[in-house]
Amino acid sequence: MTMASQVLNRPNPNMNFVASSSEALQRPCSLRRVVPSSVGRGKLYLRRQSLTVSEIKCRVKSFKVSSTRSCLARLWREVQGLNNWENLVEPLDPLLQQEIIRYGEFVTACYKAFDLDPSSKRFLNCKYGKKSLLGEVGLGDSGYEVTKYIYATPDINLPIQNDACSGRWIGYVAVSSDDEMKRLGRRDVIISFRGTATCPEWIANLMSCLTPARLDPFDPRPDVKVEAGFLSLYTSNDSSTKFGVGSCREQLLCEVSRILSKYKGEEISITLAGHSMGSSIALLLAYDIAELGLNRSDDSDHVIPLTVFSFGGPRVGNSGFKERCEELGVKVLRIVNTNDPVTKLPGVFLNENFRVLGGRYEFPWSCSCYAHVGVELALEFFKMGNPSCVHDLETYLNLLKYPRRAEVEKEGMEVLNRAKELVLSVQNFKAYPCIDATLSTVNMVLDEHLSFLISLFLLVDIVSS
């Protein structure tokens, strides 16, 4: 017997050690990895070490971020949609995947920092100051600095509305630092918006009639129409409150102009990210900046890229709005859960799919049809026990972080359901007193194997990265 055979066939001295990697992977386990461990001179064993979810996240981040950052400085224009994400969405490119998650976490920061405590002095506003915001929400090492808070309110009169709930914090503007600029390949301006949280905002969402945007006073373009509620939230002025500093639009355009002037001559990108209603405001702002030409230099043909990352966003405008955004070079990547009803609103019936008959004849009402803007990245998730999670931002980000885990869970549940149906289909069900115990055993075994499969795929993800 060779030395290698003696080593591999040696009895297991400890329950935490196994004789071979194949044996390690065959045993059901939860989120484990196999690492080499020396036992005596010239003797090698493979040790199973448990990992927590946070440890796995750290390892995934350290493996992937280090490799993607080096590429990002060279490929950032493609990631920002220079070629409309051609060949990057299907299948999803790892570099684009990491950037979507990164910008999604900036949107998550809005929800974490939004104060929903009615007894708080900062009720419906940000809980933290600009300097401490990112650190408080776990993004202290993001390499960005918050420069402006954004407040908004729709032009809606409610009997219960008062000053305490009029001016609402809706998002923030942040700029990448000099060090982060080197890693990203440009100075990045991120503008992040949260989704619906207050009654007036919900009412604004339901104002689904189309109205001309008319954001450029020198070229009104009456054929470019957007949803009245979103436009009201974007343009309404509420200076009566202590946080009131003009309309959401005025705040944003002033801050964007200031930043572009400050960093004039540098390579800059403007990235807008939002969830639900926030993605609508992000798209309106991107269109507004492009329509006014704020992202174009007066003395050159240089155009600053405008990119919108929309998470679970609804339709914003009509086909005229969509076409104008495309003409202006506004890039939009829509991250969509196919089971999320919000992404199908407004315009459930009158939308881009019902404008043209037979691909040739346009209906008279086509100008009144809503249309999505940009490229769609489709995800799929649904949970019977909690249907509302189909629109949750954390669900979106988890689908992006662990796509294989979602696939395994879906396949595993299908196997489990088929096994249950098989057991329940046994004739004379009541004649078998042990049938409940059998069904419980099937559930337990399949759950164990499902957990093992999830662990295996996560390990493959880490190694292949």
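Cut-offs applied
- Residues numbered from 1 in each chain as written.
- Predicted model: local features only at pLDDT ≥ 70, side-chain atom pairs only at ≥ 80, totals over all residues.
- Heavy atoms only, no water.
- UniProt positions renumbered as here; feature names shortened; annotations may be inferred.
- Pairing = 2+ DSSP bridges.
- Helix = DSSP H or I, 4+ residues; strand = E, 2+ residues; numbered from the N terminus.
- Axes fitted to C-alpha atoms, helices over the stretch in contact; angles between N-to-C directions.
- Contact = heavy atoms within 4.5 Å.
- Parallel < 35°, antiparallel > 145°, perpendicular 65-115°, else oblique.
- Left-handed = near helix turned anticlockwise from the far one by under 90°.
- Nonpolar A, V, L, I, M, F, W, Y, C, P; charged D, E, K, R; others polar.
- Buried < 20%, exposed > 50% of the residue type's maximum accessible area, 1.4 Å probe, protein only.
- Phe/Tyr/Trp six-rings, centres within 6.5 Å; stacked < 30°, edge-to-face > 60°.
- Lys NZ or Arg CZ within 6 Å of the ring centre and 35° of its normal.
- Core = buried A, V, L, I, M, F, W, Y, C linked by side-chain atoms within 4.5 Å.

Naming follows an unreviewed UniProt entry, where the chain appears as Fungal lipase-type domain-containing protein of Escallonia herrerae. Under the UniProt heading Catalytic activity (unreviewed entry), the note attached to the chain is "a 1,2-diacyl-3-O-[alpha-D-galactosyl-(1->6)-beta-D-galactosyl]-sn-glycerol + H2O = acyl-3-O-[alpha-D-galactosyl-(1->6)-beta-D-galactosyl]-sn-glycerol + a fatty acid + H(+)". Recorded in UniProt for the chain, the comment headed Subcellular location (unreviewed entry) runs: "Plastid, Chloroplast".

Further remarks concern the sheet that holds strand β5 (residues 168–176). Reading across from one edge, β4-β5-β6-β9-β10-β12-β16 is the order of the 7 strands in this open sheet, with mixed pairing throughout. The two strands at the open ends of the sheet, each matched to only one other strand, are β4 (144–152) and β16 (375–379). Across the sheet, the mean angle from the axis of one strand to that of its neighbour is 15 degrees, orientation sign disregarded. The strands that helix α9 (residues 248–262) touches are β4, β5, β6 (187–193) and β9 (268–275); relative to β4, the one it contacts most, it runs at about 155 degrees.

Before going further, it helps to examine the packing of α9 against helix α10 (residues 277–292). For the pair α9 and α10, the least separation of the axes is 11 Å and the interaxial angle reads 55 degrees. The pairing of α9 with α10 is recorded here as oblique in orientation. When the axes of α9 and α10 are compared, the crossing they make is right-handed. The segment α9 lies against α10, with Cys 248, Arg 249, Leu 252, Leu 253 and Val 256 engaging Ile 281, Leu 285, Asp 288, Ile 289 and Leu 292. Taken together, the residues of the contact of α9 with α10 break down into 8 nonpolar, no polar and 2 charged.

A regular strand carries its side chains on alternate faces of the sheet. Among the 7 residues of strand β12 (residues 331–337), 7 are classified as buried, and the element is accordingly described as predominantly covered. A two-sided burial pattern is seen for β12, the buried positions comprising Lys 331, Leu 333, Ile 335 and Asn 337 on one face and Val 332, Arg 334 and Val 336 on the other. Here strand β10 (residues 306–311) runs beside β12; their pairing, made up of 5 bridges, is parallel. Residue pairing across strands places Phe 311 opposite Ile 335, the latter belonging to β12.

Our next topic: the environment of Gln 80. As for its position among the elements, Gln 80 is in the loop between α3 (53–79) and α4 (94–113). With 228 residues separating them in the primary sequence, Gln 80 and Val 308 have C-alpha atoms 8.6 Å apart. What Gln 80 contacts, discounting residues up to four positions off in sequence, is Trp 85, Tyr 103, Arg 186, Ser 269, Thr 271, Thr 307, Phe 309 and Lys 331.

Before going further, it helps to spend a moment on the packing of aromatic side chains. Applying the stated criterion across every chain yields a total of 7 aromatic pairs. Relative to Trp 169, the ring of Tyr 149 lies with its centre 5.5 Å away and its plane at 70 degrees, an arrangement referred to as edge-to-face. Linking Tyr 149 in strand β4 with Trp 169 in strand β5, this pair joins segments that are 20 residues apart in sequence. Residues Tyr 149 and Trp 169 agree in their burial class; the two are buried. What links up through ring pairs into an aromatic cluster is the set Trp 85, Tyr 103, Phe 106, Tyr 144 and Phe 309. Over the aromatic face of Tyr 103 sits the side chain of Arg 102, whose NZ or CZ is 4.7 Å from the ring centroid. Sitting over the face of the ring of Phe 114, Arg 194 holds its NZ or CZ atom 4.1 Å from the ring centroid.

What follows deals with unusual backbone geometry. Residue Glu 90 is joined to Pro 91 through a cis peptide bond whose omega torsion reads 0 degrees. Looking at where Pro 91 falls in the secondary structure, it is placed in the loop between α3 and α4. Put simply, Leu 345 and Pro 346 share a cis peptide bond, and its omega is -20 degrees. Within the fold, Pro 346 resides in the loop between β12 and β13 (356–357). One non-glycine residue with positive phi stands out, namely Asn 84, at about 55 degrees.

As a rule of thumb, soluble globular proteins bury nonpolar side chains together. Ranked by size, the top nonpolar core spans 46 residues in total, and within it Ile 191 and Phe 321 carry the most contacts. Sort the elements by how many residues they give to this core and α10 lands first, with 10 residues. Sequence-distant contacts of Ile 191, that is, excluding residues within four places in its chain, are made with Tyr 172, Val 173, Leu 252, Val 256, Ile 270, Thr 271, Leu 272, Ala 273 and Leu 285. Core analysis: the next-biggest nonpolar cluster, separate from the first, contains 44 residues, Val 89, Val 107, Ala 109 and Leu 399 among them.

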